[in-house]
Structure formats: C-alpha cells, structure tokens
Amino acid sequence: MAKARSSFVCQSCGATTTRWQGRCDACGEWNTIVEEMTDSGVGAGPKSAKAGSRPTNLVPLSGETESAARVVSGIAELDRVTGGGFVMGSALLVGGDPGIGKSTLLLQAAAALANLGRRVVYVSGEEAVAQVRLRAQRLGLGEAPVLLAAETNVEIILATLENGPAPDLVIIDSIQTLWTDRVDSAPGTVTQVRTSAQALTRFAKKSGAAVVLVGHVTKDGQIAGPRVVEHMVDAVLYFEGDTSHTFRILRGVKNRYGATDEIGVFAMTELGLEEVANPSALFLDQRDEGAAGSAVFAGMEGTRPILIEIQALVAPSPLGTPRRAVVGWDAARLSMVVAVLETRCGVRIGANDIYLNVAGGLKINEPAADLAVAAALISSLTSSPLPSDSVYFGEISLAGGVRPVVHGSLRLREAQKLGFKAVSTGRLTNADRTSGLEVSEYSTLQELVGRIAANGKPREPDRDEW
C-alpha cells in the first residue's frame, strides 16, 4: 500500500510548502504551518475516472437569460446589502468579530423567512439545540417554524438536507467547526474549511437553496481560514461594530448578484438587532456643534449617502516624537494631509500631537474625507469652531489642490434633507449647484485654511505655529 503523502499548509493564508518551517514565507505569520495529508479532500483517492473523458457543451454568449430568483427576508437593511434578498442557489459568507451579532442577525432572518412560509434550516456547530432555542426565546422568536440541528460532520449535514423537501435557506454556524471524512486533518484547518465550504457550495448550486456560511474573523480583521473561501462563495458580508457602541454595520465586500460596498445599519437592543432607517441622524446624534475640531463629512457607503462627524484634537506635544492616534480612518492618509498642510499651506502642525476620531465608531476609507479632516485639524489648531450647518467633502492632492469627487448630488441632497445650509468642497457640476445649499468651492486647500484661520487664533501665538 502506497504511503500517503503530506504537505505543510499555512493556516493563515493557505500557502503550501514541502517541509515545516517556523515562519510562513507568503504572509509572514509565525507558527501557522501545519502538516496535512495531500491524498485527501475533494478529488483525492483512486484516479479511476478520467476527468476529461466527457466533453462539456459550448454555448454562445448571446441568448436569453433569467433574472436570479431571490428570497426576500423582510429585513430591509439585510436585503439592501444582499442586493434585494438571498439568491436561490447561491452561497454567502458572513464574517465578523465574536459576539458582534452574526448569529443574532441570521436567526432573526431565519425566523422572518420561516414565518413567511419558507423552509429554513439552521445548523449550529458551536451551540446545542437548547442554546439556540434559549436565544430565540430571548429574542421573541421562539414560535418561528425554523428547523434546527446541532451537527459538525459535512456528510451528515448534506444527507439530512437531501432527505426531504428542498430547503429555501440553510444557515451554517460556523464553517470553522465543520469537518468531513474526505480530509484527515483537524477541524478548523485550511483543508477542512476549504473542503467543507466547497461541498456546501456544490449543494447550493445543485439544490437551488441559498446557503449562508458564518465565518470567524481573526485579530487582523480577516475571516479565519484561507482566502480561497471568499472566492468560492457568491457574496461576502462583514459584520462590523464596536462593543462600546450600540450600532452594527453590515458591509458587502463582494456580491455577484448586486452592488458591492453597500452597508446596512442596525442597532443592538435587548430584543436583538433593529434596523436604522436614517443612519446619518444616528451618527450625528449628540454632536458638539460649538466645539473646535469638529467637522461633518458627507460620505458615500455604496449607493447610500451618510453624514459623519469627524473629530480632531491638535495639542502641543511634550515628546520629541509627536503622537498620531487615528480611530476609524487611515493613519497613512492622515500623515499625507498633515504633510500637505505643512508644505503647501505653511501650517506648523507637525510638531503637535494629533488625535483623529470618526464619531460613532464607523470606519471610512473614502479619499473624499480629506477636506473634512483638514478642516477639523485647522479648526482645532486655531480654536475656531466650524459652522454647525456646514458639511465638507473633497479629495486633497499632494500639490495642495482640492479635487472633485463622485456622487456630489447625492451628498448634497442628504445634507439638505438633514437641515444643513452650506457645503465646502471642490469644483461641482452645474447640476450639483442647484441643490439649494450655499456652496463654497475651493480649488486649493490654502483657501480653506485661510478662511478658517481668519475666524480664530493660534492656540500658542508665541510658538510661531504659523
């Protein structure tokens, strides 16, 4: 009998090597290399059948197509992120930090669909059936006709799903707990996660059921297990939030049947997650309108405009190396804005401690926030509060110019709806200028700095901060 061959697989990135080593050359992580059997998994075993013996049919690109059938959950924020509901025959991956509310949200979606007459199966690999029932009763969902199972073996799960009427929605919580007989490695390893996800994805395509996989998130914010799992599924959603805040953000990072970068906003309550119809009002709640260093940014999350408060604090540094603390924004982007203020605008700000915070715990990655960050920094440096009825958006170039951004009309419409009167930005189109707001267009950042500084004064005039 031939000896089974083995390979060494990194449990962080999925890279394979021929021998064990302490550090993975692909991702740089330490002590993540684990020995796994190569003669196992999908396609392993005796190669009696020839894969190329049966040709496939070739069809032309043009032809009639049918729109994807969807299962609408009735939870508007969830349906928004998925593109209008769960697509039948698709696989969806939901990731998030432990305790953020993934299981709560999916249990609410399962109960909502089951109450609409859909056949929903909830398979828990981490909790017993009694624990799931207790959570459902706590959320007021104890009477929902959801079918439960506590199982971790993939073959048993598939046999159960294929025995009886085809389900409309299958929730697997979580993919890291599953294991299959085809693989000899332990549950949670790269090969087990990949093989289990592939088997469940094949079941979704064959049966027409929507399969939702729950994935854990590591400390660096990525779904535990190989990145190949994200490529196998049709949609990837991240559940974000902070335990110190009540709201949660469901963000779509991949969707083959809808738009990406869409977000859904929920608020965590005693009865589970509740939808937030107006996220801008939530993020601007209890805003310090008269405080220096506070600017309102008109941002875009997918197709939804959102107004967010950006807070900045510039303080003299007692250290040789000033501090830079950033929460909710890119630290490298802040360094670029500070460098432009120093070099192009003549603002002596680099020797100070700088603290930047996106209020509410939301994380933004949009370059359009450059102008709002710069306005908050100058406001804090000069102790000059910004107008409370004004919003800011615009991208700053390394030459000190203010570049226009996309979706200007949507941003202005959201600001006007919430009662704002003025906007400071780059060049706008003629269509955007008809919003009814007082528009201040800036071609360079120095123009905005001069306007803000004219209404305030340096915190320490004798230090020659300008």
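This is a predicted model, so every value here is computed, not measured. Sequence positions are assigned chain by chain, starting from 1 and proceeding in written order. Owing to the predicted nature of the model, reporting of local features is limited to residues with pLDDT of at least 70; listing and counting of side-chain atom pairs is limited to 80 or more, with chain, interface and lining totals taken over all residues. Side-chain calculation: all heavy atoms of the structure are included, whereas hydrogens and water are not.

Quick look at the overall build of the protein chain now. Each helix and strand in the protein chain was counted, giving 11 helices and 23 strands. Relative accessibility decides the category of a residue: with a 1.4 Å probe and only protein chains considered, values under 20% of the type maximum give buried, values over 50% give exposed, and everything between is partly exposed. Within the protein chain, buried positions represent 48% of all 466 residues. Here, residues are in contact when the closest pair of their heavy atoms is within 4.5 Å. Pairs at least 24 apart in sequence give 66% of the contacts found in the protein chain among residues at least 6 apart. Counting only carbon and sulfur atoms, one obtains 51% of the accessible surface of the protein chain, whose full area is about 22400 Å². A run of H or I in DSSP counts as a helix once it spans at least four residues, and a run of E counts as a strand once it spans at least two, with each numbered from the N terminus. Using a 1.4 Å probe, the Shrake-Rupley method yields the accessible areas, and only the shown protein chains count as cover for residues.

This next bit is on the pairing of strand S12 (residues 247-255). By the criterion of burial, S12 is predominantly enclosed, with 7 of the 9 residues buried. Where S12 lies against strand S13 (residues 263-269), 5 bridges are found, and the strand directions are antiparallel. Bridging across to S13, Phe247 finds its partner in Ala267. Two strands qualify as a pair provided that DSSP identifies no fewer than 2 bridges between them.

As a further point, take the side chain of Glu366. Among the structural elements, Glu366 can be located in the loop between strand S18 (352-358) and helix H9 (370-382). Under the rule applied, a polar contact is a pair of N or O atoms within 3.5 Å (in protein, one hydrogen donor and one hydrogen acceptor; residues adjacent in sequence only if both atoms are side-chain atoms). At 3.1 Å, the side chain of Glu366 and the backbone nitrogen of Met300 are in polar contact. At 2.4 Å, the side chain of Glu366 forms a polar contact with the side chain of Arg411. When neighbours within four sequence positions are excluded, Glu366 is seen to be in contact with Phe297, Gly299, Met300, Trp329 and Arg411.

It is worth spelling out the environment of Gly361 at this point. Along the chain, the position of Gly361 falls in the loop between S18 and H9. Between the C-alpha atoms of Gly361 and Phe283, which are 78 residues apart in sequence, the distance is 8.9 Å. Discounting residues that sit within four places of it in the chain, Gly361 has contacts with His245 and Phe247.

Nonpolar side chains in soluble globular proteins tend to be buried together. Within the largest apolar cluster, 61 residues are counted, with the highest numbers of intra-cluster contacts made by Phe297, Trp329, Leu341, Ile349, Ile364, Leu377 and Leu445. Considering every element that reaches this core, the biggest residue donor is H9, with 9 residues. Filtering out sequence-adjacent residues up to four positions away, Trp329 remains in contact with Leu334, Val337, Leu356, Val358, Ile364, Glu366, Ala369, Asp370 and Val373. Core analysis: the next-biggest nonpolar cluster, separate from the first, contains 34 residues, Leu106, Val120, Tyr122 and Val214 among them. Among the buried residues, those of types Ala, Val, Leu, Ile, Met, Phe, Trp, Tyr and Cys that are joined through side-chain atoms within 4.5 Å form a nonpolar core.

For helix H5 (residues 190-207), built from 18 residues, the straight-helix expectation of 26 Å at 1.5 Å per residue is met to within 8% by its first-to-last C-alpha distance of 26 Å. Buried residues of H5: Val190, Thr191, Gln192, Val193, Thr195, Ser196, Ala197, Ala199, Leu200, Thr201, Phe203 and Ala204, and no others. The first or second residue beyond H5 is Gly208, which carries a positive phi of 85 degrees. An expected span of 1.5 Å times one less than the residue number is assigned to each helix.

It is worth spelling out the side chain of Arg304 at this point. You can see Arg304 is positioned in strand S16 (residues 304-316). Polar side-chain contacts of Arg304 include one of 3.1 Å to the side chain of Glu77. Discounting chain neighbours no more than four positions away, the residues touching Arg304 are Glu77, Arg80, Ile263, Gly264, Val265, Pro279 and Gly299.

Another point: the packing of helix H4 (residues 154-162) against H5. Two quantities define a packed helix pair, namely the angle between the axes and the distance from one axis to the other. Axis definition: a line fit to C-alpha positions, over the contact stretch in the case of helices; interaxial angles, taken between N-to-C directions, run 0 to 180 degrees. Orientation of H4 relative to H5, taken along the N-to-C sense of each, is 10 degrees, at an axis distance of 10 Å. Put simply, H4 runs roughly parallel to H5. Across the interface between the two elements, Val154, Leu158, Leu161 and Glu162 from H4 touch Ser196, Ala199, Leu200, Phe203 and Lys206 from H5. The residue makeup of the contact of H4 with H5, split by class, is 6 nonpolar, 1 polar and 2 charged. Each angle receives one of four descriptions, namely roughly parallel if under 35 degrees, roughly antiparallel if over 145, roughly perpendicular if within 65 to 115, and oblique otherwise. Amino acid classes used here: Ala, Val, Leu, Ile, Met, Phe, Trp, Tyr, Cys and Pro are nonpolar; Asp, Glu, Lys and Arg are charged; the rest, including Gly, are polar.

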